[in-house]
Amino acid sequence: MDPEIHLVSSTESPEFTLLTQSLTQSSLVGLDAEWKPIRTHRHASFPTVSLLQLACQLGSPSRPDSANSLVFLLDLSAIPLSSVYELLRDVFVSPDILKLGFRFKQDLIYLSSTFCSQGCEPGFDRVEPFLDITNIYNYLQHKSLGRRIPKVTKSLASICKELLGISLSKELQCSDWSHRPLTKEQKTYAALDAHCLLEIFNIFQFKVVEKDSFYSSIEERFSNVSSGLKEILKSPDICHKLLRSKSFNAVDIVRATTSEFPQRKATLDEVVSQYSCRNTIPMDGSLFNIVKKYGEMILLKESDRKPKTSKKKGKKQSSSVYKEKQIEISDDWCGPPPWDSSLQGDGCPKFLCDVMVEGLAKHLRCVGIDAAIPHSKKPESRELIDQALKENRVLLTRDSKLLRHEYLIKNQIYRVKSLLKNEQLLEVIKTFELEICEDQLMSRCTKCNGSFIQKPLTAKEASKAAEGFQVIPNCLFNSNLEFWQCMDCSQVYWEGTQYHNAVQKFIDVCKLNE
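Fair warning: this is a prediction, and the values are worked out from it, not measured in the lab.

Reading the values: the criteria
Residues numbered from 1 in each chain as written. Predicted model: local features only at pLDDT ≥ 70, side-chain atom pairs only at ≥ 80, totals over all residues. Heavy atoms only, no water. Helix = DSSP H or I, 4+ residues; strand = E, 2+ residues; numbered from the N terminus. Contact = heavy atoms within 4.5 Å. Areas by Shrake-Rupley, 256 points an atom, 1.4 Å probe, with all protein chains shown as cover. pLDDT = per-residue confidence, 0-100. Buried < 20%, exposed > 50% of the residue type's maximum accessible area, 1.4 Å probe, protein only. Pairing = 2+ DSSP bridges. Phe/Tyr/Trp six-rings, centres within 6.5 Å; stacked < 30°, edge-to-face > 60°. Axes fitted to C-alpha atoms, helices over the stretch in contact; angles between N-to-C directions. Polar contact = N/O pair within 3.5 Å; in protein donor to acceptor, adjacent residues only side chain to side chain. Left-handed = near helix turned anticlockwise from the far one by under 90°. Nonpolar A, V, L, I, M, F, W, Y, C, P; charged D, E, K, R; others polar. Salt bridge = Lys/Arg side-chain N within 4 Å of Asp/Glu carboxyl O.

1. With respect to the overall build of the chain
Stage number 1. A tally of regular secondary structure across the chain gives 18 helices and 13 strands.
Stage number 2. Taking the intrachain contacts of the chain between residues at least 6 apart in sequence as the baseline, contacts between residues at least 24 apart amount to 67%.
Stage number 3. Summing over all exposed atoms, the chain offers an accessible surface of approximately 28,900 Å²; the carbon and sulfur share of this is 49%.

Here is the structure:
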């Protein structure tokens, strides 16, 4: 899943021209937005949207295998908003474009607020026709099981993993999207978030849409109308226009197709022009049928446009809780760590990585540092603290709420500020002044954090040790490789290509050659 990505930072750029052209040729567009997170709910305004992603599927939606996808990253912090306001407004309400999103209502609220703040009144109040990926997922679940099941709330990453078989990393979701220039990783993350909507929709279309021809379905729908109207419907141009006016009454359709009807209202072309002033390609029959059966609309109410502030009355706090709140919370490391000699420590750094930084645990193990993870998948705060205290570890987290418990676990909790795993590793090494050397690399079990048996194994010994739970490739038996086994989980490792690539990676990350 590698979409073609275009960053649009000027209306004078070739990328902007390509965007406008693509929107006239697309019947399917995935939408997403990014903004700098607000850390507190006491703000009286919405976040400012910095980036709007539009994933355009060019070609026929009924043949996704032959379609080409382009993802445009519209840099709203660089482009004058007034110059793209009408374009986006027309796209959002165009009857020729099915918009896809994942819980996009919140994005639309923030987007509308951002444009209104720059004088683009009244902002955006609707997106139609629209289809939410959550509803697509729930329908596919119902279809595969053959019975009605309760609707579930899943993250986009979980849905992608289940339907597309890909891991959609959400590490950069809370990064500072207002900072420029955007990193390569941010661009890729933003593009994939929008592009995966098209991929999920294509699966939905393939699995649940009947492959009837467009005009046979038209004949079915209008089998009971008069022969005169049937003759009118045989014209593809009129037929398409009528189908695009599905929200009007039948009387309006008759008025639009005959001059003999009294008290004639505006023509259909005039009505359609109220919704879109751009020359877009009408939907094909397959996509139209989807819109007819499953299409939705996002409509913002006046109350949606006002930020909600928390007005909950708190219960009277006990003196112990009050004391906890009064303690100054700091992100900075004060030290010393529990392994320090001044605290009768053994000098061996030991960490506990909570679920938010589990990827960091594997990186620490790769450079030879003892890094455990929680015993349970969803541990409570007190469980993490108890484990860190019992095992004499420093708790690493990105959850600022855990810092409130620092009075219980003094000098044994640190909030990691970096988002990417490589940067997190360097941050921990620098903060705790860890000494990393090449001999340490890949010296711990990355699976369970255990230590290796000191004596290397032969190929036969390794095969016997791994019997029943791990397969040693036959091609390794004729080599002179050394094998190592974890003392805790019995996983067997050998110094093959993957090993050497990993060693070189962490030599580069930790700059051990400098």
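Let us keep going from here.
2. Description of the confidence of the model for the chain
Stage number 1. With 77% of its residues at a pLDDT of 70 or more, the chain shows a mean pLDDT of 81.
Stage number 2. Long-range and interchain partners of residues 211-216, a stretch whose pLDDT sits below 50, account for eight contacts in this model, where long-range means more than four residues apart.
Stage number 3. Counting interchain partners and residues more than four positions distant, the pLDDT-below-50 stretch residues 313-329 has nine contacts.

3. Re the pairing of strand 3 (residues 49-58)
Stage number 1. Burial runs high along strand 3: 10 of the 10 residues are buried.
Stage number 2. Pairing of strand 2 (residues 26-35) with strand 3, which is carried by nine bridges, proceeds in the antiparallel orientation. When the bridges of strand 3 are listed, L31 appears paired with L54.
Stage number 3. Pairing of strand 3 with strand 4 (residues 68-75), which is carried by eight bridges, proceeds in the antiparallel orientation. Note that in strand 4 the partner of L54 across the bridge is F72.

4. Digging into the packing of aromatic side chains
Stage number 1. Enumeration over the complete set of coordinates arrives at 19 aromatic pairs.
Stage number 2. Between W333 and F432, the ring centres sit 4.7 Å apart and the planes meet at 55°, which makes this aromatic pair tilted. Of this pair, W333 sits in the loop between helix 13 (319-326) and strand 8 (350-353) while F432 is found in the loop between helix 16 (421-431) and helix 17 (459-465), placing the two residues 99 residues apart along the sequence.
Stage number 3. Overall, the relative accessible area of 8% leaves F432 in the buried class.
Stage number 4. Cluster of aromatic residues (ring-pair linked, three or more members): W333, W339, F351, Y414 and F432.

5. Focus on the sheet that holds strand 8
Stage number 1. As summarised here, the arrangement of the four strands in space is 9-8-10-11, forming an open sheet in which the pairing is parallel. Strands with a single pairing partner mark the edges of an open sheet, and in this sheet they are strand 9 (370-372) and strand 11 (413-415). Mean inter-strand twist for the sheet, computed between neighbouring axes without regard to direction, equals 30°.
Stage number 2. One ladder, built from three bridges, connects strand 8 with strand 9; its direction is parallel. The residue bridging K350 from the neighbouring strand is D370, located in strand 9.
Stage number 3. Helix-sheet contacts for helix 14 (residues 358-366) involve strand 8, strand 9 and strand 10 (394-397), and the interaxial angle to strand 8 is about 155°.
Stage number 4. The sheet contacts of helix 15 (residues 381-391) involve strand 8, strand 9 and strand 10, and relative to strand 8 the element is tilted by about 165°.

6. A closer look at unusual backbone geometry
Stage number 1. In this structure, P122 follows E121 across a cis peptide bond, with omega equal to 0°.
Stage number 2. Locating P122 in the fold gives a position in the loop between helix 3 (104-116) and strand 6 (126-132).
Stage number 3. The step from R180 to P181 runs through a cis peptide bond, and the omega angle for that step is 0°.
Stage number 4. Residue position: P181 is located in the loop between helix 5 (156-163) and helix 6 (184-208).

7. Points about the side chain of S175
Stage number 1. Structurally, S175 can be placed in the loop between helix 5 and helix 6.
Stage number 2. Among the residues examined, S175 registers a relative accessible area of 5% and is labelled buried.
Stage number 3. Within polar-contact distance, the side chain of S175 engages the backbone oxygen of L172 at 2.8 Å.

8. Focus on the sheet that holds strand 2
Stage number 1. Pairing within the open sheet is mixed, and its seven strands lie in the order 1-4-3-2-5-6-7. Every other strand in the sheet has two partners, leaving strand 1 (4-8) and strand 7 (296-299) as the edge strands with one partner each. This sheet shows a mean twist of 35° between the axes of neighbouring strands, independent of strand direction.
Stage number 2. The sheet strands contacting helix 3 are strand 2, strand 3, strand 5 (98-101), strand 6 and strand 7, and the helix crosses strand 2 at an angle near 70°.

9. Side note on the side chain of S50
Stage number 1. Position of S50 among the secondary structure elements: in strand 3.
Stage number 2. In this structure S50 comes out as buried when scored by relative accessible area, which is 4%.
Stage number 3. Ignoring anything within four residues of it in the chain, the contact list for S50 reads E34, W35, L74, D75, L76, S77, W177, S178 and R180.

10. As for the pairing of strand 10
Stage number 1. Because side chains alternate across strand 10, one face comprises the buried residues V394 and L396, and the other comprises L395 and T397, equally buried.
Stage number 2. Both strand 8 and strand 10 contribute to a ladder of three bridges, which runs parallel. Note on strand 10: the bridge partner recorded for C353 is L396.
Stage number 3. One ladder, built from three bridges, connects strand 10 with strand 11; its direction is parallel. When the sheet's bridge partners are listed, L396 is paired in strand 11 with Y414.

11. With respect to the packing of helix 14 against helix 16
Stage number 1. Put simply, helix 14 and helix 16 touch, their axes get as near as 9 Å, and they point 65° apart. Of the two possible hands of crossing, helix 14 and helix 16 adopt the one that is right-handed. Of the residues in helix 16, those in contact with G359, L360, H363 and L364 of helix 14 are K421, N422, Q424, L425 and V428.
Stage number 2. In terms of residue class, the contact of helix 14 with helix 16 is built from four nonpolar, four polar and one charged.

12. Thoughts on the pattern of salt bridges
Stage number 1. Scanning the entire structure with this criterion turns up nine salt bridges.
Stage number 2. Residue D370 pairs with R444 through a salt bridge whose shortest N-O separation is 3.9 Å. Of this pair, D370 sits in strand 9 while R444 sits in the loop between helix 16 and helix 17, and the two are 74 residues apart along the sequence. When sorted by exposure, D370 lands in the same class as R444, which is buried.

13. Some points on helix 16
Stage number 1. Considered for burial, the residues of helix 16 that qualify are Q424, L425, E427, V428 and I429.
Stage number 2. Buried residues belonging to helix 16 abut strand 8, helix 14, strand 10, strand 11 and helix 18 (497-509).
Stage number 3. Positive backbone phi, at 50°, marks E433, one or two positions downstream of helix 16.

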